[in-house]
Structures are given as structure tokens and as C-alpha cells.
Amino acid sequence: MPPKPPIPPERWAAIRLFAMDVDGVLTDGTVRIHSDGTESKVFSILDGMGLTRLAKAGLATAWISGRASGSTTARATELKIPHLIQGRTDKLAALQELAAKLGFTATQCAYMGDDDIDAAAIAWAGIGISVPAAMPAPLQAADYVTARPAGQGAVREVCEHFLALRVGGSS
């Protein structure tokens, strides 16, 4: 696939809501199911710091996951993610409902995903984002594909774009 053209700074600056999938974006897509039925996931500290800085800069964040997970709830609680939507496979509808509730237009939303169920939300958002190992549909729909892999700072990479255009930068 040919490289994506750069996104103009004014498009990054217009974003007020950064929503993202969880598995395959905030994690490497692995879910560990233990013999007692519990699960665990690995989240990047880099991504967590980026999301914390976004909140301090006034950007709304949301996680929209197709499956409900205690690990996701625990991490979202720890990071004080204000909008956690789980068990929704229609990511576009979930994103549009949240944007309407918050009073945002598509051009004020960014969405990051990695699988087929994310592609429509990626295409709808003002900035659609994916990760290098994503499925073909989200890669095709994305305006921006991160250099860093999922679960290893890909979300932080995107956060840095937003922070660079806000007063106070990323410090």
C-alpha cells in the first residue's frame, strides 16, 4: 500500500474526541485466558502517559471495544478514561452516538482501530487512524497509519500529534 499523505496540522488541531478500539490498538491483540477463566492483557505505559496528557490538555478520550473485559475496565478506570463503551461491534454507531452526545461533528473526532469492524468508524472520523499490522479494510480507510505497533506506543504516537498542536505541548 502506498504511503498516506501527511495530515495538515489544522485537521489535527480540530480534533476534540480521540476514540479508539482496545484489542489490537491499546494491546497487541493478545488476550490471555487463564485456567480459572480469568483473562489478562498487556497495556503500554507509553500509551497510558499519552492518554493522561491528552486529558490534561482538554481532549476527550473514549475506548470502544467489541467485547466486554474486566482487564479493559480496570485499565480504563486507572487512566480515568471518561467514555468506556464495551460489547459494541458496530463501532461506527457507537462513535456517532458518543459524538452526538458530546456535541461533536465527524471532523472533531479521531478514531483508531485495527479490524474490519473498525473500518467504517475510521472512514467516518475527521482523522481515521490504524496500526501497521491491521487488517486491509481499516488500513485502506485510515488517513494515518502509525509507525509504532499496537500495544507498543502506537496510541502515544498519535497523542503526540495532538499534543504538539495544543498550548503547553507535551510537557
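In this text, all values refer to a predicted model and were calculated from it rather than measured experimentally.

### What to know about the sheet that holds strand β8 (residues 144-145)
Now for step 1: Pairing in this open sheet of six strands is parallel, and the strands run β5-β4-β1-β6-β7-β8 from one edge to the other. If you trace the sheet from one side to the other, it starts and ends with β5 (83-86) and β8, each paired once.
Now for step 2: Judged from the four bridges that link them, strand β1 (residues 17-20) and strand β4 (residues 60-65) form a sheet pairing that is parallel. Across the sheet, the residue bridging to Met20 is Trp63, located in β4.
Now for step 3: Along the sheet, helix α4 (residues 91-102) makes contact with β1, β4, β5 and β6 (109-112), crossing β4 at roughly 155°.

### Digging into the packing of helix α2 (residues 45-56) against helix α7 (residues 154-164)
Now for step 1: Between α2 and α7, the least distance of the axes is 7 Å, while the angle of their chain directions is 25°. For the element pair α2 / α7, the angle class is roughly parallel. Every pair of crossing elements has a handedness; the one defined by α2 and α7 is left-handed. On α7, the residues that touch Leu46, Asp47, Met49, Gly50, Leu51, Arg53 and Leu54 of α2 are Ala154, Val155, Arg156, Cys159, Glu160, Phe162 and Leu163.

### Focus: the pairing of strand β7 (residues 127-130)
Each regular strand carries side chains that alternate between the two faces of the sheet.
Now for step 1: With burial as the criterion, each face of β7 is covered, one bearing Ile127 and Ile129 and the other bearing Gly128 and Ser130.
Now for step 2: When β6 meets β7, the two strands line up parallel, connected through three bridges. Across the sheet, Tyr111 pairs through a bridge with Gly128, a residue of β7.
Now for step 3: Taking the sense of rotation as the criterion, the β-α-β connection linking β6, helix α5 (residues 119-124) and β7 turns out right-handed.
Now for step 4: Pairing geometry for β7 and β8, over two bridges, is parallel.

### Regarding the environment of Gly58
Now for step 1: Summarising the element assignment, Gly58 is placed in the loop between α2 and β4.
Now for step 2: Spatially, the C-alpha atoms of Gly58 and Arg166 are 9.1 Å apart, while their sequence positions differ by 108 residues.

### Focus: the side chain of Thr27
Now for step 1: Secondary-structure assignment places Thr27 in the loop between β1 and β2 (32-33).
Now for step 2: In this structure the side chain of Thr27 is engaged in a polar contact, spanning 3.2 Å, whose partner is the backbone nitrogen of Gly24.
Now for step 3: Not counting chain neighbours up to four residues away, the residues in contact with Thr27 comprise Val22, Lys41, Val42, Phe43, Ala150 and Gly151.

### Overview of the pattern of salt bridges
Opposite charge on two side chains lets them pair, provided their charged atoms get close.
Now for step 1: By the definition in use, this model includes nine salt bridges.
Now for step 2: Across the pair Asp143 and Arg11 runs a salt bridge, and its minimum N-O distance is 3.3 Å. With Asp143 in the loop between α6 (136-141) and β8 and Arg11 in helix α1 (residues 9-14), this pair connects stretches of sequence that are 132 residues apart.
Now for step 3: One salt bridge in this structure joins Asp23 and Arg67, with 3.9 Å as the shortest N-O distance. Taken together, the residues Asp23 in the loop between β1 and β2 and Arg67 in the loop between β4 and α3 (70-79) connect sequence positions 44 residues apart.
Now for step 4: Three or more residues are tied together by salt bridges with common partners; here these are Asp23, Glu39, Lys41 and Arg67.

What counts as what
Residues numbered from 1 in each chain as written. Predicted model: local features only at pLDDT ≥ 70, side-chain atom pairs only at ≥ 80, totals over all residues. Heavy atoms only, no water. Pairing = 2+ DSSP bridges. Helix = DSSP H or I, 4+ residues; strand = E, 2+ residues; numbered from the N terminus. Contact = heavy atoms within 4.5 Å. Axes fitted to C-alpha atoms, helices over the stretch in contact; angles between N-to-C directions. Parallel < 35°, antiparallel > 145°, perpendicular 65-115°, else oblique. Left-handed = near helix turned anticlockwise from the far one by under 90°. Buried < 20%, exposed > 50% of the residue type's maximum accessible area, 1.4 Å probe, protein only. Right-handed = clockwise from strand over helix to strand, strands pointing away. Polar contact = N/O pair within 3.5 Å; in protein donor to acceptor, adjacent residues only side chain to side chain. Salt bridge = Lys/Arg side-chain N within 4 Å of Asp/Glu carboxyl O.

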